[in-house]
Every structure is written in structure tokens, then in C-alpha cells.
Amino acid sequence: MVDRVERLTNLLALLLETTEPLSLVQIAGELEGQYPEGQVARRGAFERDKAALREIGVPIEGIIQAGGPYAGQTRYRIDRRAYELADLQLDDDERRALQVAVAAIRTGSDLGQEALWKVGAGIAEPEHPVAVAVPSLPVLPRLREAVATRAVVSFRYRGLDREVEPWALVLREGFWYLVGYDRARGARRTFRVDRLDEEAEVQVGSPSAFERPDDLDPATAIPSDPKLLGVGEPIEVVVLVDAARARRVEHEVGPERVTERRPDGSIVVTVPTANPVAFRSWVLGMLEHAEVLAPPSVREDVVAWLEAVAR
Amino acid sequence: VSAERPVRTGSRRRHRNAEARLRRLLVMLPWLMEQGSVPVAEVARRFDLTEDEVAADLELVSLCGLPPFVDELIDVFIDEGTVFVGVPRLFTRALRLDAPEAFELLVAGRAAMQLPGADPEGPLGRGLAKLAAALGEVGDDGLAVDLERPGSADLLVAAAAATARVELAHRSASTDELVDRVVVPRRVHVDRGRWYVDAHDERSGQLRTFRLDRIEEVRAVPPEGGDPGVDLAGLGTTAVRAEGFTEPLPEPGRWFEDPGVERVTLRLAPAARWVVERYPVDEVTVEQGGAGEMLLARLPVVDDRWLGRLLVRLGPDAEVVEPVERRDAGRRAAAAVLARYRRS
């Protein structure tokens with residue numbers, strides 16, 4: 001029996017070269033001696049080969065004969081235009097730049113390297129002065145296509161079925177978010193992609209199903225500050241921050257939020273917050289280097305929390 | 001650069017199934033056809049194969065063909081260690097990118113556009129624009145990667161590229177003291193949205209990892225005497241060059257795998273689930289209890305203060321299971337913060 005790689009290559013060549021779709025009998029005839037003689041064994045071997053080619057991304061068409069003496073029979077071909085990568089016309093420096101990018105961005109999969117080879121670039125050089133770990137989730141490519149083609153997606157999230165017009169896919173602080181319009185809720189929502197219910201499959205509808213808002217900027221589509229990811233109107237909380245943390249906090253909230261600079265190097269900042277839980281987590285992350293001064297309700301909330309932990 | 005990459009030898013053979021071999025051939029053939037002739041060793045390096053694997057696969061496809069032009073479809077042969085390609089007929093073009101591959105390339109490119117020195121008008125920006133056009137996308141595709149690069153990253157990356165000495169004003173996580181350290185950055189890495197620098201620390205003589213948000217200042221160590229130093233990639237700074245660092249760098253996200261770091265097991269309520277997403281963990285198990293589904297997470301803890309801070313933030317949603325001597329960490333940290341509130 002012929003080597004499997006050889007048979008797969010011959011099958012691929014045949015289906016690319018043929019002008020007319022071919023039946024399995026015709027294929028086996030052209031690839032003489034490469035498929036088993038028996039009908040059942042031949043069909044089994046061919047189905048495995050077809051699955052293998054589809055697995056590596058080859059678009060094999062199966063066309064069922066509508067009439068004539070072979071009505072109902074399936075014939076196969078590969079559309080060369082669907083098979084071949086369009087010529088990207090990349091220059092050498094552009095290929096190298098993509099190579100460096102794939103070397104620096106680590107997703108834990110080989111797909112980036114496979115893509116580089118396809119566009120004619122070489123191996124991603126592993127020694128680079130920067131390495132960025134980016135989480136990889138199987139659903140992301142489909143969501144990106146849905147965003148790019150403006151197709152509605154359906155999924156389950158926090159126990160609810162959602163039908164969402166996806167506007168943007170954003171990586172922020174190490175997590176992927178989908179921003180869009182939740183049709184049932186009638187409002188804009190942000191979803192953590194890794195929290196999509198894994199049991200319920202993500203469905204993608206047909207393209208051009210909605211218009212994205214003109215003024216949407218994906219880079220600012222979700223607030224970067226978790227303290228602002230709340231439901232209500234933000235309130236202003238006044239926090240005293242020690243010198244040891246002053247520089248970092250000022251950098252984080254912006255110098256315009258510093259309302260007082262004390263001689264010992266500490267600062268007073270006014271922080272907008274719409275999410276009490278995120279705010280508490282933020283302020284307690286500084287331990288004894290920060291203290292809520294006002295409003296009293298927030299200060300009391302922090303003290304009560306600390307008392308419960310210290311008990 | 002690729003010449004320095006070690007060539008795989010036959011002794012490191014791994015099993016390659018038919019799909020994997022064909023997949024590689026379908027990217028190798030179009031490239032070979034464009035080149036005409038290439039040394040086998042170069043083909044092996046470029047496609048991450050051994051020379052034997054390249055020879056075996058090319059020999060196999062040279063037998064491929066269809067009547068009436070058997071043996072002519074893929075006209076390739078190896079002579080004296082060089083691959084020669086005759087008339088290119090079939091497989092002159094690679095397979096189109098599938099959605100996952102296109103996604104990986106786009107994300108890598110978009111993320112790399114946010115690294116120091118990236119230029120939208122430069123080769124990466126142009127390459128990405130051509131890629132988007134080939135994918136049939138015009139204008140904004142709604143994909144955004146935001147790495148929130150801190151200001152100190154540029155100098156650290158330039159220093160890592162040049163292996164140059166810099167001085168860091170670093171605030172220690174355990175003592176909160178601001179300490180000046182002379183280090184040689186080896187690499188800057190980003191994990192779970194946080195920026196770190198892996199650097200050779202001159203005082204301890206070891207490779208250490210520092211969080212960039214704890215670095216308050218970075219200064220290049222200027223060269224002295226006749227040393228011309230090294231220019232840090234257009235940043236207008238010159239620094240002393242250091243050499244001879246060969247310690248391997250850990251994969252981003254895995255540097256906590258050091259078994260010398262203490263492990264703590266926490267019981268986490270659903271509201272504290274973010275801990276296992278945010279921090280590296282060795283192991284997570286689900287525990288069904290009276291209060292619903294709890295997570296038991298074993299994670300490396302570098303110091304007591306870090307653990308105390310985490311427990312104060314989590315409050316009733318977390319408790320230390322083991323070791324027993326750490327059970328008090330949250331209570332002690334909370335008491336210290338409370339003392340401050342009671343003073344004022």
C-alpha cells in the first residue's frame with residue numbers, strides 16, 4: 001500500500017487539477033492502486049483522507065448529482081480560489097516584522113507559526129527582549145469574525161441566553177472582553193469571553209445583520225478602571241494615600257485627582273467609583289498605606305469589612 | 001539570526017502523522033518553488049524539521065503525480081545537500097489562512113504594535129494592513145489589544161536588547177522600602193496584563209523578576225573612562241554594556257514554578273474566583289460544600305505580606321486551609337489596617 005502522505009498529496013493534486021467534480025470510483029481509478037479494492041474499505045479510506053484534508057483547512061466540495069444516471073451520487077472537487085491564499089504581496093521587512101511579533105506574543109499554540117509559514121515568513125525567533133502572554137480561547141476566532149462581519153452571536157452568560165450584536169473584541173488587563181448590544185436586555189453590555197457558558201454552543205448568524213455605532217472606539221469601549229464598571233452613577237470617594245504609594249496612585253488616577261499634597265509626601269485623592277466591591281478591593285490592596293476619609297458611608301463600610309476579617 | 005538556531009538532529013525524532021507532514025509540505029513547496037534551490041540544512045531550520053525529515057518528505061512528494069503527467073507535478077530533487085525545484089506546476093501557493101490562524105497573526109501583530117519602538121507606518125503596520133486587506137476587511141475590524149504599557153517599559157526593553165546596565169528604584173513588595181538596584185534587564189514580559197522585567201540583579205548575582213508598577217524610576221548607568229557604552233535605541237541615553245548572560249529565561253507565566261517558593265492552599269467562595277484567574281496556581285479542585293461550590297486552590301506565595309493583602313481583600317470569601325501557620329495572615333493584616341482607622 002502506498003504511503004498515506006503520498007496518497008493524500010495525490011488526492012489533493014487530483015481534486016485541484018480536475019475541471020469536473022469526480023466520483024469516488026473516478027478518483028480511485030485515477031489514483032490507481034492507492035485505495036483498497038473492496039467498496040467498503042475504499043469508502044472508509046477515502047472518508048479518512050477527506051477528513052484529514054479538511055482538518056488541515058482544504059476546502060473540499062461535495063456536490064450531489066441532481067439528475068441523470070448518477071442522481072444522488074456525490075462528486076468532489078476543490079475550488080482553487082477558495083484553496084489558495086491570496087497574494088499578500090508582503091515585502092521582506094514586513095514578513096520579518098510579523099515573525100518578530102509572533103515570537104514576542106505567546107498564546108501557547110502553534111497557529112501563529114503555521115500562519116507565518118503560509119504567508120512566506122520563516123520561523124519565529126524565540127529570543128526577543130519582550131514576551132507577552134496572551135490568553136488563547138477556542139471561541140475567539142469565531143467571535144472576531146462575527147465582529148468583523150457584523151453577525152449576531154448567541155451564547156449563554158451568567159445563566160442567561162444572550163443575543164448580542166458584537167461591536168468589539170478587546171484584550172484588556174490580560175482578559176478578553178466582548179462589547180456589544182444585548183438585544184433582550186436592550187442595552188450595551190460587556191462580557192468576559194472566558195466566562196461564556198462552555199456547555200451552550202456559541203452560534204454565529206449571517207453577516208451584515210446590524211450597524212456598529214459610528215462613535216465606537218474599541219480601545220475605549222470598556223472602562224479600564226474596574227472601579228467604574230458598576231451599574232449606578234459614580235460617587236466620589238476621598239482617600240488619603242501614604243508617600244510610599246503616592247507616586248503609583250497619582251500615576252493611576254491622574255494628577256488632576258490629587259486634591260492635597262502633604263509635607264510628609266502623602267496625598268489626598270478623589271476617586272470616582274461606581275462599583276463598591278472593586279473600590280474596596282482597590283483601597284485595601286494598599287493595606288495600611290491608604291485610608292478612606294469620605295464619604296462616611298464608604299469609610300464605615302471599609303471599617304466593618306476589616307473588623308469582620310480581623311475578628 | 002536563524003543560522004544560530006540549533007538544527008534538529010535525527011536523534012530527537014518525534015512522531016509526525018500524515019496530516020502534520022502534509023501540512024508542512026504545503027507551506028514548504030510554495031517557498032521552495034519561489035527560491036529555486038536551497039541547501040537542505042536551511043530548509044530544515046526554516047521549517048523546524050531535521051534534514052532527514054526534509055529529505056524523506058521531499059522524496060515522497062517527488063513520486064506524486066497524476067496520469068498523464070506522472071512525476072511531473074512536483075518536480076523536486078535533492079543533490080549534494082541542496083534542494084532543487086524544476087518547473088513549478090502545482091502547490092505554487094500556500095493554503096489560505098483559516099480563521100484561527102488569521103486570528104493569531106492579527107492578535108500578535110496588534111499586540112506587537114503596542115510594544116516599544118513599534119511604528120504604525122513601519123513594516124509591522126504595513127504588513128498588518130496588507131493582511132487585513134487579504135482577509136477582505138476594510139476599516140476598523142473591532143479587534144483591540146490594549147497592553148497598557150507603563151512608561152518605564154521603553155528603557156527596560158532597550159536595555160534588554162542591548163544587555164545594558166540600568167539602575168532601578170524599586171519598591172519591595174514585602175517591606176515597602178524603596179531600594180536602588182543595579183540590574184541588567186534580560187527581557188520584559190507581560191502576563192495577565194501585568195508588566196515584569198526579568199533581570200540579572202548585580203547584588204544577589206541572580207536572575208530576578210520585578211513588577212514594573214513597583215519600579216518608580218529607571219536610569220541608564222552611564223559609561224565611564226574610555227568606554228563608549230551602548231546607545232539605547234534612540235532614547236538619547238548611553239549605558240554600560242554587560243555581557244555573558246546565558247541563564248535560560250522562564251516562559252512568561254511560569255516563573256512561579258520554582259519549587260523553592262512556598263505553597264498555600266486557599267478555600268475560595270464563588271465571589272473570590274478571580275484569584276485563580278489572576279494569579280498563577282498549581283492546582284485547583286472543586287469542593288461541594290454546604291455553601292455551594294467552593295474552589296480549593298494551591299498557589300505559590302512569595303511573602304506573607306502579599307498573602308495578607310490578598311486575604312484582606314477577599315474577606316469572608318477566602319480562608320487558608322494550609323499551612324496552619326499561615327491561617328492568621330489575613331487577620332493580622334486586617335488588624336494593622338484597622339489600627340490606622342482607629343488612630344484617626
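Since the structure is predicted, the reported quantities are computational estimates derived from the model, not experimental observations.

Draft legend 1. Looking closely at the overall build of chain A. Per the secondary structure count, chain A includes ten helices and 13 strands. For chain A, the C-alpha radius of gyration of 29 Å lies well beyond 19 Å, the compact-globule estimate for 311 residues. Each principal axis of the C-alpha atoms in chain A carries an extent, and together these give about 90 × 45 × 45 Å. For chain A, the proportion of its 311 residues judged to be buried stands at 50%. Contacts spanning at least 24 positions in sequence make up 56% of the contacts within chain A whose residues lie at least 6 apart. Within the structure as shown, chain A displays about 14,700 Å² of accessible surface, and the carbon and sulfur contribution to it stands at 49%. Separation of charge centres in chain A, based on 39 positive and 51 negative side chains, amounts to 3 Å.

Draft legend 2. Structural view of the nonpolar core. In terms of nonpolar packing, the biggest core is built from 76 residues, with Leu143, Phe155, Leu169, Trp176 and Leu178 of chain A together with Leu115 and Leu156 of chain B touching the most fellow members. A per-element tally of this core places helix H4 (residues 99–112) of chain B first, with eight residues. With sequence-adjacent residues up to four places away left out, Phe155 of chain A is seen in contact with Leu160, Asp161, Arg162, Val164, Leu178, Phe191, Leu196 and Val202 of chain A. Within the second largest apolar cluster, 53 residues are counted, among which are Ile123 of chain A together with Trp31, Val43 and Leu60 of chain B.

Draft legend 3. Fine view of the pattern of salt bridges. Following the criterion strictly, the structure yields 55 salt bridges over all chains and no others. A salt bridge links Arg299 of chain A to Glu291 of chain A; its shortest N-O distance comes to 2.9 Å. The exposure class assigned to Arg299 of chain A is buried, which follows from its relative accessible area of 18%. Asp304 of chain B serves as the salt-bridge partner of Arg332 of chain B, at 3.4 Å between the closest nitrogen and oxygen.

Draft legend 4. Molecular detail of the packing of aromatic side chains. All chains considered together, the criterion is met by twelve aromatic pairs over all chains. Aromatic side chains Tyr279 of chain B and Trp306 of chain B sit 4.9 Å apart centroid to centroid with 85 degrees between the ring planes, which places their arrangement in the edge-to-face category. Of this pair, Tyr279 of chain B sits in the loop between helix H7 (274–278) and strand E13 (283–289) while Trp306 of chain B sits in helix H8 (residues 304–314), placing them 27 residues apart in sequence. Taken together, the ring pairs connect Tyr35, Phe46 and Tyr76 of chain A into an aromatic cluster. For Arg75 of chain A, the ring lying beneath its charged end belongs to Tyr70 of chain A, and the centroid distance is 5.2 Å. The ring of Trp305 of chain A has Arg280 of chain A lying over it, and the distance from NZ or CZ to the ring centre is 3.5 Å.

Draft legend 5. Representation of the interface of chain B and chain A. On the side of chain A, 115 residues touch chain B, which itself brings 109 residues to the contact. Summed over both sides, the interface between chain B and chain A buries roughly 10,000 Å², with carbon and sulfur atoms accounting for 61% of that surface. Contact with chain A buries surface across chain B, with Leu95, Arg340 and Tyr341 of chain B losing the most and accounting together for 8% of the total. Taken together, chain B and chain A are joined by 13 salt bridges. Its salt-bridge partner being Asp93 of chain A, residue Arg126 of chain B comes within 2.9 Å of it at the nearest N-O pair.

Draft legend 6. Examining helix H6 (residues 153–162) of chain B more closely. Where burial is concerned, most of H6 of chain B is hidden: eight out of the ten residues are buried. Ala153, Leu155, Leu156, Val157, Ala158, Ala159, Ala160 and Ala162 of chain B are the residues of H6 of chain B that are buried. On its buried face, H6 of chain B is in contact with strand E4 (130–133) of chain A together with strand E5 (166–171), strand E6 (178–191), strand E7 (194–201), strand E9 (215–220) and strand E10 (230–231) of chain B. A positive backbone phi angle near 40 degrees is found at Thr163 of chain B, which sits one or two residues after H6 of chain B.

Draft legend 7. Representation of the side chain of Asp191 of chain B within the structure. With respect to the secondary-structure elements, Asp191 of chain B resides in strand E6. Side chain to side chain, Asp191 of chain B and Arg192 of chain B meet in a polar contact 3.5 Å long.

Draft legend 8. Quick look at the sheet that holds strand E10 (residues 235–241) of chain A. All names here are of chain A. Spatial strand order, E11-E12-E10-E13: four strands in an open sheet with antiparallel pairing. On the outer flanks of this sheet lie strand E11 (258–261) and strand E13 (290–294), each paired with one strand and no other. Each strand of the sheet is rotated relative to its neighbour by a mean of 30 degrees, with strand direction disregarded. Direction of pairing for E11 relative to strand E12 (residues 267–273): antiparallel, over a ladder of three bridges. Across the sheet, Arg261 pairs through a bridge with Ile267, a residue of E12. Contacting E10, E12 and E13, helix H9 (residues 276–284) crosses the sheet at an angle of about 10 degrees to E10. Docked against the sheet, helix H10 (residues 296–310) engages E10 and E13, running at close to 145 degrees with respect to E13.

Draft legend 9. How the structure looks around the confidence of the model for chain B. Residues and elements named next belong to chain B. Overall, the predicted model of chain B reaches an average pLDDT of 84, with 88% of residues at or above 70. Confidence drops under pLDDT 50 across residues 1–12; counting only partners more than four residues distant or on other chains, this segment forms 16 contacts. Reported confidence for the predicted complex is 0.81 by ipTM and 0.81 by pTM.

About the criteria used
- Residues numbered from 1 in each chain as written.
- Chains lettered and ligands numbered in written order.
- Predicted model: local features only at pLDDT ≥ 70, side-chain atom pairs only at ≥ 80, totals over all residues.
- Heavy atoms only, no water.
- Helix = DSSP H or I, 4+ residues; strand = E, 2+ residues; numbered from the N terminus.
- Rg over C-alpha atoms; globule rule 2.2 N^0.38 Å.
- Buried < 20%, exposed > 50% of the residue type's maximum accessible area, 1.4 Å probe, protein only.
- Contact = heavy atoms within 4.5 Å.
- Areas by Shrake-Rupley, 256 points an atom, 1.4 Å probe, with all protein chains shown as cover.
- Lys, Arg positive; Asp, Glu negative; His and termini not counted.
- Charge placed at Lys NZ, Arg CZ, Asp CG, Glu CD.
- Core = buried A, V, L, I, M, F, W, Y, C linked by side-chain atoms within 4.5 Å.
- Salt bridge = Lys/Arg side-chain N within 4 Å of Asp/Glu carboxyl O.
- Phe/Tyr/Trp six-rings, centres within 6.5 Å; stacked < 30°, edge-to-face > 60°.
- Lys NZ or Arg CZ within 6 Å of the ring centre and 35° of its normal.
- Buried area = accessible area lost by both parts, 1.4 Å probe.
- Polar contact = N/O pair within 3.5 Å; in protein donor to acceptor, adjacent residues only side chain to side chain.
- Pairing = 2+ DSSP bridges.
- Axes fitted to C-alpha atoms, helices over the stretch in contact; angles between N-to-C directions.
- pLDDT = per-residue confidence, 0-100.

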